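Here are the chains, one letter per residue:
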Amino acid sequence: MTTNSTSHEDAHEAHHGHSHGHEAGHGSFKSYVTGFVLSVILTAIPFWLVMGDVLDSKVATVSAIMIIGAIQIVVHMVYFLHMNTKSEGGWTMMALIFTVIIVAIALIGSLWVMHHLNSNMMVMSPEMMKNLP
Amino acid sequence: MSNIQSQSAEKPQFYLEEDHHPEGSTNLGFWLYLMSDCLIFATLFATYAVLGRNYAAGPAPADLFDLKLVAINTAMLLFSSITYGFAMLQMERGAKQETLFWLGITGLFGLAFLGIELYEFYHMIHEGATPQRSAFLSAFFTLVGTHGLHVTFGIIWLVTLMVQVSKHGLIHENRRRLMCLSMFWHFLDVVWIGVFSVVYLMGVVG
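Participant: Give a detailed account of the packing of helix α5 (residues 67-93) of chain B against helix α8 (residues 172-205) of chain B, specifying residues and quantitative values.
Facilitator: All names here are of chain B. Two numbers describe how α5 lies on α8: the axes approach to 10 Å, and their chain directions differ by 160°. In terms of axis orientation, α5 runs roughly antiparallel to α8. The element α5 and its partner α8 pack so that their crossing is left-handed. Classifying every residue of the contact of α5 with α8 gives 17 nonpolar, six polar and three charged.

Participant: Can you lay out the packing of helix α4 (residues 91-120) of chain A against helix α3 (residues 26-51) of chain B for me, pointing to particular residues and giving the numbers?
Facilitator: Interaxial distance between α4(A) and α3(B) falls to 9 Å at its minimum, and their mutual angle equals 10°. Of the possible angle classes, the one that applies to α4(A) and α3(B) is roughly parallel. You can see that α4(A) and α3(B) cross each other, and the crossing is right-handed. Touching A:Trp91, A:Thr92, A:Ala95, A:Leu96, A:Thr99, A:Ile102, A:Val103, A:Ala106, A:Leu107, A:Ser110, A:Leu111 and A:Met114 of α4(A) are B:Leu28, B:Trp31, B:Leu32, B:Met35, B:Cys38, B:Leu39, B:Ala42, B:Phe45, B:Ala46, B:Ala49 and B:Val50, all from α3(B). Partitioned by chemical class, the residues of the contact of α4(A) with α3(B) number 20 nonpolar, three polar and no charged.

Participant: Summarise the interface of chain A and chain B; cite the residues concerned and give the values.
Facilitator: If you look at the interface, chain A gives 48 residues, while chain B gives 50 residues. Both faces considered, chain A and chain B share a buried interface measuring about 4500 Å² in area, 81% of it formed by carbon and sulfur atoms. Between the two partners, chain A and chain B, sit zero salt bridges. Looking at the side of chain A that touches chain B, the elements that each hand over two or more residues are α1 (2-23), α2 (29-51), α3 (58-79) and α4 of chain A. The biggest single contributor to the side of chain A that touches chain B is α4(A), with 12 residues. Across the side of chain A that touches chain B, the residue classes break down as 28 nonpolar, 17 polar and three charged.

Participant: I'd like to hear about the nonpolar core, residue by residue, with values.
Facilitator: Ranked by size, the top nonpolar core spans 76 residues in total, and within it B:Trp31, B:Phe140, B:Leu178, B:Trp192 and B:Tyr200 carry the most contacts. Elements that contribute at least two residues to this core include exactly α2, α3 and α4 of chain A together with α3, α5, α6 (96-126), α7 (135-168) and α8 of chain B. Take this core: its biggest share by element is 20 residues, from α8(B). Each residue touching B:Tyr200, except ones within four places of it in the same chain, is listed here: B:Phe65, B:Leu67, B:Val70, B:Glu120, B:Phe140, B:Val144, B:Trp192 and B:Val195.

Reading the values: the criteria
- Residues numbered from 1 in each chain as written.
- Chains lettered and ligands numbered in written order.
- Predicted model: local features only at pLDDT ≥ 70, side-chain atom pairs only at ≥ 80, totals over all residues.
- Heavy atoms only, no water.
- Axes fitted to C-alpha atoms, helices over the stretch in contact; angles between N-to-C directions.
- Helix = DSSP H or I, 4+ residues; strand = E, 2+ residues; numbered from the N terminus.
- Parallel < 35°, antiparallel > 145°, perpendicular 65-115°, else oblique.
- Left-handed = near helix turned anticlockwise from the far one by under 90°.
- Nonpolar A, V, L, I, M, F, W, Y, C, P; charged D, E, K, R; others polar.
- Contact = heavy atoms within 4.5 Å.
- Buried area = accessible area lost by both parts, 1.4 Å probe.
- Salt bridge = Lys/Arg side-chain N within 4 Å of Asp/Glu carboxyl O.
- Core = buried A, V, L, I, M, F, W, Y, C linked by side-chain atoms within 4.5 Å.
- Buried < 20%, exposed > 50% of the residue type's maximum accessible area, 1.4 Å probe, protein only.

Laid out in structure tokens, this is it:
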């Protein structure tokens, strides 16, 4: 009985210790500096691309901005927000995946619908505009 | 004695699990708040993406945005992110004064960011680029203004916690609060990556 209760106490302690350890955050000086240096590089590249007018094609510049931005978001998530698949039993990651899906639907859906709306609108001539109520 | 123990052995796990559950789930709960905040920004980004080209014969992003200023602003927020990281490292060491010092530096970088952003807004409104001017400007001020408001409340929260830490020290509750603000602050930096990429850089590219 005593051993049973001690082992339970141990498990409780271990669990509490874990959650406490998580609460304190598991970033180290090295991980923060790594994240910072990567962020500076990933911020400097798109600004340089736009301000220096490096690439000739607009599509290439916009694609580069978006890809580098996405990489930088992942860098921030990993090095500053300490995202991983294990914290809170994987529920933070589940919430993140759910949010990313909803965000993607909201963004892509809005652009898709509004683009179709624009292209299906009748072209107005100046005469029609004059006759508007 | 054995009777009490056998009685307690039947049900106690229920109470124990209930007991320490709320403490551990603060992180998850705050994370869920951040995710819902993320959805607010997603709708504002979607609005900007749809309306961002409707200038109503008014000024376009290339006429309005000063990328050097935006670069400085981005640097301010990035610096504030790493200094908050240093504050968290000092908090883990249990060094109260150093934690307060780095929190103060973080707050100053945050204030610099806000100052530059307000200067930019003032400049734009002075030139006639008000939120009422075009759909693009309405969407711009709503999106960037909401981010700025978040930073403002982040700074208020930061000052509150600095007072709390200096009064009560790095107690368990204050560590938990600092952890939540850390997530909030880094989250705002993540949103800013979207803002400078989509609004400023892609706006100037055209």
